[in-house]
Structures are given as structure tokens and as C-alpha cells.
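What follows is each chain in one-letter form.
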Amino acid sequence: MTATADAELVFSGPSAIAERVRAGDVHPRELVELCLRRIEALNPRVNAFRVTMADQALAEAELMSDGPLAGVPVAIKDDLPVAGQAMTWGSRSHGPTQHEDAEALRRLRAAGAIPIGITNVPELMIFPWTASEANGITRNPWKLERTPGGSSGGSAAAVAAGLVPAATGSDGGGSIRIPAACCGLVGMKPTRGRVSSHPVGEGWLGLSVYGALARTVKDSALMLDVMHGSVPGDADSAPPFEGSYAQAASRDPGRLRIAVSRKIPPGFITSVSSDQRSAWERIGKLLGDLGHEMVERDPPYGLASLGFTQLWLRGIYEQSLAVPDRSLLERSTRQMAAAGRTLVPPRRRDKVLASRGPATARILELWQQVDVLLTPGLATTAIAAEGGYGHGAPIAFNRASRFTPFTPLFNYTGQPAIALPAGFGSDGLPLGVQLVGRPGAEDVLYSLAGQIETAQPWAGERPPL
């Protein structure tokens, strides 16, 4: 197989690859070998992977032949347990080798997917760039001096560079949607409880959820079809869904009422670049041209960003307690954990959790009037590769909040939200928008996203590696 044929196959995506495997046109071992070749050639430049699992993946490839992800190599973010591997959370100090796969990974394997490696994250997944003392700086395949975003930056870089067809991610404040926007990918943050968190448990007091990164709406939907579902012991469960997200992605959404807003939630001090604003305006116009009713409405955010920040900080502190040697944590991580301990003590933690329900109900009043909210994806295109890495928490926190003001609030409310490509900025980097739905309405978002993708295809765009 030539290098060009290699690229065409891996960039064709999980749906097309699995179809070829089921038809007998390609063997899973060929796919694993293809991805390992591309990782060997390109990973030194982007630093997407912490470790590859070549021998295990090749052995599993001999067994895989059926299922919706038959023979598809996938990358696993370093916060999802993989049996036989350490889960490090991007830290130099980490716990023992995992004894069992996470439930979400078990479902991927059952569908025929082959885990091929574990991707890099910032320490404890705190910030929206991917750099750590443990594993160095991960870079954006579109421009190596920029970040692929975070915390699922390694996963996004791996998919955007065509090292794997798809990868898992998690999102506690935008950590799927931010890398998707930085790298020209599709990233769905599902409804809280849609994907099981077993055996890790609730992440960041319910802010964090698992999902995936892919190049197209259909492939993102297929990944969620496979991964979703709760098990006994999960802290949350989403409204039940018995259909197919992949089918929803191919279905006409009908005429929807869509709110457009680029209001910065109170508490964030930043502005939206002209490129990002233009992308948001273009997608809004496109949706109007497609027949949707477009209305200007700002969500009643109130002080929800303060609630998010308190849960985020407290969640970081509680997560830091699971690190075996906390003296090995990076300076900014120690400072963020200390802020969570001192600013959000147990009584304050309980009070913020109790207030989340009423605050969420107030914000959701907008979705009594509309079906979907359209916002910019980020304030700017991807920032420098190191982001705030190497700086203290105040500087890192400021850079993060100025970069990504639109994503965190929907982790607080638990709503589904999807990041979609929306062209390129004057710097040549991907632009993106965000669609937000009612709790449990991932299918509506996929239908609308699929319609946008059909009208304005992006899957043919590839980074110049």
C-alpha cells in the first residue's frame, strides 16, 4: 500500500473503514500496521501519543471481523482506564496498572474497535492546551507552533493528523469541543450521564463526561452509538435514547428554532476575534438559508460561571488527592488544587452543588423557546502550543478563560453540545462553532450538524504534515 493510499484509508473514517473490513476488502491487521507506520513517521512532530500498544493491537487485529467498528484502530485518552496499562492523567506520579477496561472502552472493543495507543493530556486535564512535565508539548497538526487544544489535545492531534481514524476524549469544561475547534474536527460533549464513567466514577463533581473526536458528523455519531449507556453505580444517567445517532446524523432535522448568541458569559473577560465572529455569522446565515427560524437570544447565564469555577477548582483538588506523590505535581497544578481546597471547603462545595439545579433550570428556560443555541466555538483560533504551561496558576487561568469562554457553562448544566468546523482563519487555522441542545437531545444536534456538513463539507481538508 502506498503512503497516499495509507492516508486515504485512515482519513476515510471509522464508518467507511468498518464497512470495508466487514466486506473483506481490508484486514484489521493491515489497519493496525498502517496506523503504527503513520504514528512512527508523524508522532515525533505532533507528540500525540504517550504510549502505543503495538503488540496487543496486532494480536487483537487477528480476532476482529465484525461489529459497527470492525477492525477500526482507535486512540484512548489518558483518563480512561485500559486493562494492562497505567492511567497517568498526564502526571509524573500515577497509580498502578489498570486491572479492567473502562465501561466505555469495553463497549468500543465489543463493537470491534482496536485500541492502539494512549494519548497525551495536560496534567490532571486541567487546562485547554496539552503540555506537561511528564510528556512534553503536543502540537497542532495544522501549525506545529500552535496548540491542538486540551485537555483531549493528544486525541485531537492524532485524529487530525490521520494517525488514527477516531479517538476517545473527555470534557469537563470544553475538553472535547476545544480540541475539535482547534483541529477542524467534530466533537460532541454528550449529556451528563450519557456515557458511563465506570470505574473512574463522577469526574469533577459531575462536570466531566466521556465522548469522542472524529472528522465527520456521521463518525462522531457512530462513536457515541457504540459508547453510550449507563451501568449500575453511575452517578448520573441521561434521558433514555433507543435510536441511532448515526441515523439521526443522516436525517433531515426539520425546521428548527435556533437562537444565535455570542454573548460572553459574565465572569469571562475576553473578546471574540473577527475571524471567529465571521465564522459564527456565516453558519448562522447558512442555517437561515436552510429554512430554520433564526432568533437573537442570549442564555440567562447569570452567575453560573462562578458556580462552574468553584466546582472545577474543588474537582481538581479532590482529583489531586488520588495522585500518589503530590510533590511531583506541576506548580500550576498544586496551585489550582490549593485554590480548590481553600476557596471551596466542604460546606461551600455542598452549597454550590445544591444551587446547580436551580441555576440550570433558569438557563434551560431558553430551550423552552428554541431548539438549539449557536455560539462561536472559541474566542480565537488555536493559541501558542505551550498555552499557559510553565506559568503559575493565575496566568494559566487567565489565558484559559480568555481562550474558551463559550464551553464551560454547558458542563455546569449538563447539556449536550457539539463543536463543528467552520472554515479557516486568516492565520490558516481551523475555525469552529458550537451547537447546544436540550438535555438528552444529541440526536437533534447530530441531525442539524449533518445538515450543515452536507451544505458545507469539511472532511476533505487535511493539515499540511
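Look up a bit, the structure's there.
Undergrad: Can you help me understand the overall build of the protein chain in this one?
TA: Counting its regular elements, the protein chain contains 16 helices and 13 strands. Projected onto the principal axes, the alpha-carbon positions of the protein chain cover approximately 55 × 55 × 45 Å. Taken over 465 residues, the protein chain has a buried fraction of 62%. Mean positive and mean negative side-chain charge positions of the protein chain (45 and 45 charges, respectively) differ by 8 Å.

Undergrad: For this particular structure, what's the right way to read the pairing of strand β10 (residues 293-296)?
TA: A regular strand places its side chains on the two faces of the sheet in alternate fashion. Of the pairings in the sheet, the one linking strand β9 (residues 257-260) to β10 comprises 4 bridges and is parallel in character. Looking across to β10, one finds that I258 is bridged to M294. For the segment spanning β9, helix α10 (residues 274-289) and β10, crossover handedness is right-handed.

Undergrad: Can you walk me through empty space enclosed by the protein in this structure?
TA: If a probe the size of a water molecule is rolled over the atoms, the empty space left behind becomes visible. Under the definition given, this model contains 1 cavity of 30 Å³ or more. Space inside the largest cavity adds up to approximately 50 Å³. As for the largest cavity, its lining consists of M188, P190, G211, A212, S220, M223, L224, M227 and Y446. Among the elements that line the lining of the largest cavity, the one with the most residues is helix α8 (residues 217-227), at 4 residues.

Undergrad: What exactly am I supposed to notice about the sheet that holds strand β11 (residues 372-376) here?
TA: Picture the strands of a sheet paired through backbone hydrogen bonds; they go either parallel or antiparallel. Taken in spatial order, the 11 strands line up as β1-β3-β2-β6-β8-β7-β12-β13-β11-β9-β10 in an open sheet, and their pairing is mixed. Of all the strands in the sheet, just β1 (49-52) and β10 have a single pairing partner and so form its edges. Between one strand axis and the next, the sheet turns through 30° on average, direction left out of account. As defined by bridge partners, strand β2 (residues 73-77) adjoins strand β3 (residues 114-119) across 5 bridges and the pair is classed as parallel. Bridge pairing links V74 to P115 in β3. Where α10 meets the sheet, it contacts β9, β10, β11, β12 (417-424) and β13 (430-437), and its direction lies at approximately 55° from that of β13.

Undergrad: Got a minute to help me understand the packing of aromatic side chains in this structure?
TA: Two descriptors summarise a pair of aromatic rings, namely the distance from one centre to the other and the angle between the planes of the rings. Using the criterion set out here, one finds 8 aromatic pairs in the structure. Taken together, a centroid distance of 5.6 Å and an interplanar angle of 35° make the contact between W312 and F397 tilted. Here the residue W312 occupies a position in helix α11 (residues 304-320), and F397 occupies one in helix α14 (residues 393-403), the gap between them amounting to 85 residues. Looking at F397, the relative accessible area reads 29%, which means it is partly exposed.

Undergrad: Where do I start with helix α12 (residues 331-343) in this structure?
TA: Helical geometry note: an α-helix holds 3.6 residues per turn, so side chains three or four residues apart project in the same direction. Taking 1.5 Å of rise per residue, 13 residues should cover 18 Å, and α12 covers 18 Å from first to last C-alpha, within 8% of that figure. By the burial criterion, the buried members of α12 are S332, T333, M336, A337, A339 and G340. Axial view of α12: buried residues confined to an arc of 155°, hence all on one face. Among the structural elements, α11 and α14 are those in contact with the buried residues of α12.

Undergrad: What should I look at first to understand the pattern of salt bridges in this one?
TA: Any two side chains of opposite charge can pair, on the condition that their charged atoms come close. Under the criterion given, the structure shown has 18 salt bridges. With a shortest N-O distance of 3.2 Å, R29 and E62 are connected by a salt bridge. With R29 in helix α3 (residues 28-46) and E62 in the loop between α4 (54-61) and β2, the pair connects residues that are 33 residues apart, well separated along the chain. Given a relative accessible area of 31%, R29 falls into the partly exposed group. Note that R314 and E318 form a salt bridge whose closest N and O atoms lie 3.0 Å from each other. Within this pair, R314 and its partner E318 are both found in helix α11, separated by 4 residues, close to a single helical turn. Within the structure, one salt-bridge network assembled from shared partners comprises R314, E318, R349 and D350.

Undergrad: How do you make sense of the pairing of strand β8 (residues 209-214) when you look at a structure like this?
TA: Within β8, 6 of the 6 residues are buried, which leaves it mostly tucked inside the rest of the structure. Burial of β8 is two-sided: the residues V209, G211 and L213 facing one way and the residues Y210, A212 and A214 facing the other way are all buried. Here 5 bridges tie strand β6 (residues 166-171) to β8, and the two strands are oriented antiparallel to one another. The partner of G169 across the bridge, within β8, is G211. Pairing of strand β7 (residues 186-189) with β8, which is carried by 3 bridges, proceeds in the antiparallel orientation. Each bridged residue has a counterpart across the sheet, and for V186 the counterpart in β8 is A214.

Thresholds applied
- Residues numbered from 1 in each chain as written.
- Predicted model: local features only at pLDDT ≥ 70, side-chain atom pairs only at ≥ 80, totals over all residues.
- Heavy atoms only, no water.
- Helix = DSSP H or I, 4+ residues; strand = E, 2+ residues; numbered from the N terminus.
- Buried < 20%, exposed > 50% of the residue type's maximum accessible area, 1.4 Å probe, protein only.
- Lys, Arg positive; Asp, Glu negative; His and termini not counted.
- Charge placed at Lys NZ, Arg CZ, Asp CG, Glu CD.
- Pairing = 2+ DSSP bridges.
- Right-handed = clockwise from strand over helix to strand, strands pointing away.
- 1 Å grid on protein atoms, 1.4 Å probe; cavity = no way out; pocket = protein on both sides within 12 Å on 5 of 7 lines; lining within 4 Å.
- Points joined across faces, edges and corners; volume = space filled by probe spheres on them.
- Axes fitted to C-alpha atoms, helices over the stretch in contact; angles between N-to-C directions.
- Contact = heavy atoms within 4.5 Å.
- Phe/Tyr/Trp six-rings, centres within 6.5 Å; stacked < 30°, edge-to-face > 60°.
- Expected span 1.5 Å × (residues − 1).
- Arc of directions from axis to C-beta.
- Salt bridge = Lys/Arg side-chain N within 4 Å of Asp/Glu carboxyl O.

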